[in-house]
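Each chain is listed here by its residues.
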Amino acid sequence: MPTIRYLTPADYDDICAIIDKHSSGPGAWCNDSSAPAAPNFRKLAKDHVELCFPQPMSNFWGYFDDSGKLVAWTMFVRWADHDNVTVRLLIEDPEADLPRANGAVWSDAAVDLVNWGIGSFWCEGVSCFWSRTYAGREARHVSVHPNCLLAEYERRDVLKLPVNTVSPDEYRRVTWSPVDYETTICRFNDPRPLKDYLEGPK
């Protein structure tokens with residue numbers, strides 16, 4: 001049966017194999033197969049993974065199909081405090097023919113994977129998640145999927161970053177390197193954090 005688990009160094013080649021099936025940032029992180037190819041995307045994406053994998057702030061999870069093959073993975077990044085986490089990367093294997101709702105950008109597997117990560121951090125008391133969207137591709141962000149837990153959060157666009165712009169220091173746990181696209185840093189606030197949930201109705 002399908003499995004979600006933490007990824008280890010033994011999974012690195014499989015992580016890279018999925019990257020190799022994409023040719024651009026929007027193609028991979030927005031699941032947009034129509035996006036033009038970008039020079040050096042695969043190398044830069046693999047360098048990014050190699051940099052983040054051993055860091056204690058990084059959490060990699062993978063979704064494995066019935067045969068045990070990795071078909072999607074995600075990376076969450078902890079902030080220096082205990083109440084903020086970034087949904088940094090999400091990518092799926094475009095050749096895996098994963099089931100998805102009619103017209104949905106992301107497969108059910110990818111949405112389940114993100115929800116698993118959100119639920120894991122929510123159980124720790126994390127009430128604020130961050131991510132970034134690509135200009136013109138906002139509707140392709142996983143949070144737009146009706147089954148994604150982030151769809152129930154209060155979303156606020158915090159900062160627009162022009163092309164090739166480094167984010168201010170306070171947002172480096174969301175994005176820390178310039179990209180060749182205009183992006184927006186977004187914040188998702190839990191309408192009912194764990195503390196309030198445990199206290200029950202008032």
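Computed from a prediction, not measured in an experiment: that's the story for all the values here. (Residues numbered from 1 in each chain as written. Predicted model: local features only at pLDDT ≥ 70, side-chain atom pairs only at ≥ 80, totals over all residues. Heavy atoms only, no water.)

Asks: So, the nonpolar core: which residues are in play, and what are the values?
Replies: Among the nonpolar cores identified, the biggest contains 26 residues, and Phe76, Phe129 and Leu150 are the most heavily contacted of them. Only strand 2 (58-64), strand 3 (70-78), strand 4 (84-92), helix 4 (108-122) and strand 7 (183-189) provide two or more residues apiece to this core. In terms of residues, this core owes the most to one element, helix 4, which gives 7 residues. Look past the residues within four positions of phenylalanine 129 in its chain and what remains in contact with it is Phe76, Val85, Val87, Ile118, Phe121, Trp122, Leu150, Tyr153, Cys186, Arg187 and Phe188. Within the second largest apolar cluster, 21 residues are counted, among which are Ile19, Ala28, Trp29 and Leu89. (Core = buried A, V, L, I, M, F, W, Y, C linked by side-chain atoms within 4.5 Å. Buried < 20%, exposed > 50% of the residue type's maximum accessible area, 1.4 Å probe, protein only. Helix = DSSP H or I, 4+ residues; strand = E, 2+ residues; numbered from the N terminus. Contact = heavy atoms within 4.5 Å.)

Asks: Let's hear about helix 1 (residues 12-19): which residues, and what values?
Replies: For helix 1, the complete set of buried residues consists of Ile15, Cys16, Ile18 and Ile19. In an axial view of helix 1, the angular spread of the buried residues amounts to 155 degrees, which keeps them on one side of the axis. Where helix 1 is buried, its residues touch helix 3 (41-52), strand 3 and strand 4. (Arc of directions from axis to C-beta.)

Asks: Please give an account of the sheet that holds strand 7 that cites residues and values.
Replies: Read across the sheet, 7 strands follow the order 1-2-3-4-5-7-6 without closing on themselves; strand pairing throughout is mixed. Either end of the sheet is taken by a strand with one partner, and the two such strands are strand 1 (3-6) and strand 6 (154-161). With direction set aside, neighbouring strand axes in the sheet form an average angle of 25 degrees. Summarising the sheet, strand 5 (residues 128-134) and strand 7 pair through 7 bridges and their orientation is antiparallel. Bridging from a neighbouring strand, phenylalanine 129 pairs with phenylalanine 188 of strand 7. Strands in contact with helix 1 are strand 3 and strand 4; relative to strand 3, the strand with the most contacts, it is inclined by about 105 degrees. (Pairing = 2+ DSSP bridges. Axes fitted to C-alpha atoms, helices over the stretch in contact; angles between N-to-C directions.)

Asks: Could you give an account of the environment of leucine 89, with specific residues and numbers?
Replies: Locating leucine 89 in the fold gives a position in strand 4. Relative accessible area serves as the criterion here: at 3%, leucine 89 is assigned to the buried category. Residues leucine 89 and aspartate 47, 42 residues apart in the sequence, show an inter-C-alpha distance of 14 Å. Once residues within four sequence positions are removed from consideration, leucine 89 is found in contact with Trp29, His48, Trp73, Thr74 and Met75.

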